[in-house]
Amino acid sequence: MNNAVVLVDVQNIYYTTKQAHQCNFDYNYFWQHICREHTVFKAIAYTTDRQDEKQRQFQNILRAIGFEVKLKPYITRADGSSKGDWDVGITIDAIEYAPNVDTVILASGDGDFALLLEKIERDFDATTKVYGVEQCTAQSLRQAAGCFVPIAGEFLLGRR
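Being a predicted model, the structure only gives us computed values, none of them experimental.

Re the pairing of strand β3 (residues 68-73)
Here's step 1: For strand β2 (residues 38-49) and β3, the ladder comprises 6 bridges, and the chain directions are parallel. For I44, the partnering residue across the bridge sits in β3 and is E68.
Here's step 2: Handedness of the β-α-β unit built from β2, helix α3 (residues 53-65) and β3 comes out right-handed.

A few points about the nonpolar core
Here's step 1: Formed by 26 residues in total, the largest nonpolar core has its most connected members in V8, Y27, F30, F67 and Y131.
Here's step 2: Sorting the residues of this core by element identifies β1 (2-9), α1 (10-21), α2 (27-37), β2, α3 and β6 (103-107) as the ones contributing at least two each.
Here's step 3: The contacts of F67, once residues within four sequence positions are left out, are V6, V8, Y27, F30, W31, A43, I44, A45 and L62.

Re the packing of α2 against α3
Here's step 1: Interaxial distance between α2 and α3 falls to 10 Å at its minimum, and their mutual angle equals 20°. As judged from the angle between their axes, α2 and α3 are roughly parallel. Crossing of α2 against α3: the hand is right-handed. Where α2 approaches α3, its residues Y27, N28 and W31 are matched on the opposing element by F58, L62 and I65.

Regarding the packing of aromatic side chains
Here's step 1: Counted according to the given criterion, the structure contains 12 aromatic pairs.
Here's step 2: Ring geometry for F30 and Y131: centres 5.1 Å apart, planes at 85°, overall edge-to-face. Linking F30 in helix α2 with Y131 in strand β7 (residues 127-132), this pair joins segments that are 101 residues apart in sequence. Exposure class is identical for F30 and Y131. Each is buried.
Here's step 3: Note on Y46 and W86: the rings are 5.3 Å apart at their centroids and 55° apart in plane angle, and the pair reads as tilted. Taken together, the positions of Y46 in strand β2 and W86 in the loop between β5 (82-83) and α4 (87-97) put the pair 40 residues apart, joining distant regions of the chain. Both residues of the pair, Y46 and W86, count as buried.
Here's step 4: Just above the ring of F148 sits the side chain of R142; from NZ or CZ to the centre is 5.4 Å.

Comments concerning the environment of F41
Here's step 1: Relative to the helices and strands, F41 resides in strand β2.
Here's step 2: The exposure class assigned to F41 is partly exposed, which follows from its relative accessible area of 42%.
Here's step 3: Between the C-alpha atom of F41 and that of V5, which follows or precedes it by 36 residues, the distance is 5.5 Å.
Here's step 4: Excluding residues that lie within four positions of it along the chain, F41 makes contacts with N3, A4, Y97, N100 and V101.

Some points on unusual backbone geometry
Here's step 1: Even without being a glycine, Q22 presents a positive backbone phi close to 55°.
Here's step 2: Turning to its location among the elements, Q22 is positioned in the loop between α1 and α2.
Here's step 3: By relative accessible area, Q22 is classed as exposed at 59%.

Brief notes about the pairing of β2
Here's step 1: Two strands pair when backbone bridges link them, and β1 and β2 are joined in this way by 8 bridges, in the parallel orientation. In the strand pairing of β2, V5 is matched with K42.

Description of the environment of Y131
Here's step 1: On the accessibility criterion, Y131 (0% relative accessible area) is buried.
Here's step 2: In this structure the C-alpha to C-alpha distance between Y131 and I44, which are 87 residues apart in sequence, comes to 14 Å.
Here's step 3: When neighbours within four sequence positions are excluded, Y131 is seen to be in contact with I13, F30, H33, I34, I105, L106, A107, S108, V149, I151 and F155.

Reading the values: the criteria
Residues numbered from 1 in each chain as written. Predicted model: local features only at pLDDT ≥ 70, side-chain atom pairs only at ≥ 80, totals over all residues. Heavy atoms only, no water. Pairing = 2+ DSSP bridges. Helix = DSSP H or I, 4+ residues; strand = E, 2+ residues; numbered from the N terminus. Right-handed = clockwise from strand over helix to strand, strands pointing away. Core = buried A, V, L, I, M, F, W, Y, C linked by side-chain atoms within 4.5 Å. Buried < 20%, exposed > 50% of the residue type's maximum accessible area, 1.4 Å probe, protein only. Contact = heavy atoms within 4.5 Å. Axes fitted to C-alpha atoms, helices over the stretch in contact; angles between N-to-C directions. Parallel < 35°, antiparallel > 145°, perpendicular 65-115°, else oblique. Left-handed = near helix turned anticlockwise from the far one by under 90°. Phe/Tyr/Trp six-rings, centres within 6.5 Å; stacked < 30°, edge-to-face > 60°. Lys NZ or Arg CZ within 6 Å of the ring centre and 35° of its normal.

Rendered as structure tokens:
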């Protein structure tokens, strides 16, 4: 088995799964699926901290599964819009860990990561794999990935 770093854009996966499938992503199944093919070198879930008890429970579940949870404050602007993305943090960690693994696994549909995947494939001896909701994943990201795995069926809570 090859070793992998797993990077999960929690907000992106949450909203795209809800939008497309009206249910939640099954992190336990995802972990089991990854572990059938890879030895997990490092797994990080990137999310926002809203100081909410239900969210803290979810973060503890992620930790119990095996993820390191990185938190960023959830910011609501004066105009009502919000901010809490982890694009730069995910990119930095991907570049840091890519030299140490065979595969970089990204769970996100954000097309901004296409350039990152192209760099990993070009500059490091690592392949890339993206897990994303098919209809919500940018075409550029799917094309940049060495492998694209759609989030559907068994990856959804209550759908097995």
